[in-house]
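Observations on the model geometry
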Amino acid sequence: MEIKVVKKVLSVNDAISEEIRKSLKEKKIFMINLMSSPGSGKTTILEKTISRLKKDFKIGVIVGDICTTKDSERLSKTGVPVVQINTEPFGGDCHLGANVIQGALKELGLKKLNFVIIENVGNLVCPAEFEIGEDKKIVVLSLPEGDDKPLKYPLMFRVASAAILNKIDLAKHLDIDQAQFVKHIRQINPQIPVFELSAKTGTGFDAWVNWLKKQAKAKISS
Amino acid sequence: MHEMAIAMDVLKIIKEALPPGPPVKIKKIRLKVGRLTAVVPESFKFCMEIITKDSPAEGAEVIIENVPLIVECEDCGAQSELNEALFVCPKCESVKLKIISGRDLFIESIEVEENETEEPVYGDQGRKKSSKR
């Protein structure tokens, strides 16, 4: 006997994501979800971004990692509240689900915030599949990873609202063509803004910070 | 790697879809998975195998139907199937594309084992019980 089910998998996750989205809309809180492979520079980008934005916004951070609190220790030094999520000490979840974010937002406390940053687990595949109630998904790619990554992991680059191309200070040491990175990102997502920058030296950082400010202000003052 | 999370979700949904009454055995699980999803069929099937142990779906065959990536051009209106990671309208080369299908991830149906001692019954559940020998 065949039983028709026709039910979306991850509908539970999507429902919680919608709850979060609704709650953040009411509270006028802007939330971004920063995703990339491990080692692309998410934490350094955030350290610099937070120090540039913290006088204009009340920021809180949620950091997802499989284990260790190294990222949250680094980000705590910026002076903003940080909640660390460890998905499992030995080989845990490869992404943050909406239920985990919901709990972390409670722990973070939203009353004094208007800007939440989520640093997702380093992974170019899985986090792309999970809505977590964010306003913008931002993908980071760094030059040493190679220009083929957008083509190999299209979903991540397709769902993102903006892309950061990090570590451009390394271009002179690598046998690469930086324009190819941008070309391949736009092949997947033609209208996406791409910010080519070096979080280490600060080159190109203004455009990214200005764009982010504009997005945040639009939501907060809505 | 998140295939395990998805498999757990699938098991939960199919358990809820089972008819009330005595336990049944699930023989087949049919899913539709879009091209533009981050699901690896082999990993997913492996996770299903593990997660369904000691459940009504233990040993069930997992059948995955792939859903093509279809886009609609917002400029020329053409619908096209994309077979490579190049989001450009094959007809007019516009980049304004809306995804029509390919992000799908849903359970279509399950097949449960028939009780062999029963005759096939059409409609009336009451008769089925009274006709039991």
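Preceding this paragraph is the structure being described.
Residues numbered from 1 in each chain as written. Chains lettered and ligands numbered in written order. Predicted model: local features only at pLDDT ≥ 70, side-chain atom pairs only at ≥ 80, totals over all residues.

1. Here's the deal with the overall build of chain B
Rules: Helix numbering and strand numbering both begin at the N terminus, where a helix is a DSSP run of H or I of at least 4 residues and a strand a DSSP run of E of at least 2. Put simply, a residue is buried when 20 or more other C-beta atoms lie within 10 Å of its own C-beta and exposed when 12 or fewer do; between those, it is partly exposed, and each C-beta is set from the backbone. Think of it this way: build a C-beta for each residue from its backbone, and any pair within 7 Å is a contact.
Helices and strands together make up the secondary structure of chain B, namely three helices and six strands. Each helix and strand of chain B, ordered N terminal to C terminal, gives the series α-β-α-β-β-β-β-β-α. Scored against the burial criterion, the 133 residues of chain B give a buried share of 27%. If you take every contact in chain B between residues at least 6 apart in sequence, the share linking residues at least 24 apart comes to 70%.

2. Remarks on the environment of Lys48(A)
All names here are of chain A. Along the chain, the position of lysine 48 falls in helix H2 (residues 42-53). Among the residues examined, lysine 48 registers 20 C-beta atoms within 10 Å and is labelled buried. Residues lysine 48 and asparagine 99, spaced 51 residues apart in sequence, show a C-alpha to C-alpha distance of 29 Å. Those residues within four positions of lysine 48 in sequence are excluded, and the remaining contacts are Ala199 and Phe205.

3. Observations concerning the pairing of strand E6 (residues 136-142) of chain A
The side chains of a regular strand alternate, first on one face of the sheet and then on the other. Residues and elements named next belong to chain A. The criterion, for reference: What makes two strands pair is DSSP finding at least two bridges between them.
For E6, a buried count of six out of seven residues is recorded, marking the element as mostly surrounded by other parts of the structure. Here strand E2 (residues 30-36) pairs with E6 via five bridges, running parallel. Its bridge partner being in E6, leucine 34 is matched across the sheet by isoleucine 138.

4. With respect to the interface of chain A and chain B
The test is simple: Classification convention: Asp, Glu, Lys, Arg as charged; Ala, Val, Leu, Ile, Met, Phe, Trp, Tyr, Cys, Pro as nonpolar; all other residues, Gly among them, as polar.
Counting residues at the interface gives 28 residues for chain A, matched by 25 residues for chain B. For the side of chain A that touches chain B, the secondary structure elements donating two or more residues are strand E1 (2-8), helix H6 (154-159) and helix H7 (178-188) of chain A. Tallied by class, the residues present in the side of chain A that touches chain B amount to 16 nonpolar, five polar and seven charged. Two strands pair when backbone bridges link them, and E1(A) and strand E6 (residues 105-112) of chain B are joined in this way by five bridges, in the antiparallel orientation. What sits directly across from Ile3(A), in E6(B), is Ile110(B).

5. Things to note about H2(A)
Threshold: Under the convention used throughout, the expected extent of a helix is 1.5 Å for every residue step, that is, one less than its residue count.
If you check H2(A), its first and last C-alpha atoms are 16 Å apart, about what twelve residues at 1.5 Å a residue would give, namely 16 Å. If you check which residues of H2(A) are buried, you get Lys42(A), Thr43(A), Ile45(A), Leu46(A), Lys48(A), Thr49(A) and Ile50(A).

6. Some remarks on the nonpolar core
For clarity, the cut-off: Think of a nonpolar core as buried Ala, Val, Leu, Ile, Met, Phe, Trp, Tyr and Cys residues, each tied to the set through C-beta atoms within 7 Å.
Judged by nonpolar contacts, the single largest core of 93 residues is most densely connected at Ile118(A) and Met156(A). Among the elements that take part in this core, helix H1 (residues 3-17) of chain B stands out by supplying seven residues, more than any other. Ignoring sequence-local partners within four residues, the contact set of Ile118(A) consists of Met31(A), Ile32(A), Asn33(A), Leu34(A), Ile62(A), Leu96(A), Ile101(A), Ile132(A) and Glu134(A).

7. Some remarks on the sheet that holds E6(B)
Which entries qualify depends on this criterion: For helices, the fitted line uses only the C-alpha atoms of the stretch in contact; every axis is such a line through C-alpha atoms, and the angle between N-to-C directions lies from 0 to 180 degrees.
Overall, mixed pairing links the four strands, which are arranged E1(A)-E6(B)-E1(B)-E2(B) in an open sheet. Two strands close off the open sheet at either side, each with one partner strand: E1 of chain A together with strand E2 (61-67) of chain B. With direction set aside, neighbouring strand axes in the sheet form an average angle of 20 degrees. Pairing of strand E1 (residues 26-34) of chain B with E6(B), which is carried by seven bridges, proceeds in the antiparallel orientation.

8. So, unusual backbone geometry
Among all residues save glycine, negative phi is the norm, and among peptide bonds the norm is trans. Phi at Val6(A) takes a positive value of approximately 40 degrees, unusual for a residue other than glycine. With respect to the helices and strands, the residue Val6(A) is situated in strand E1. In this structure Val6(A) comes out as exposed when scored by C-beta crowding, with 10 C-beta atoms within 10 Å. The backbone phi angle of Glu93(B) is positive, close to 65 degrees, even though this residue is not glycine. Considering the arrangement of structural elements, one finds Glu93(B) in the loop between strand E4 (79-81) and strand E5 (97-101).

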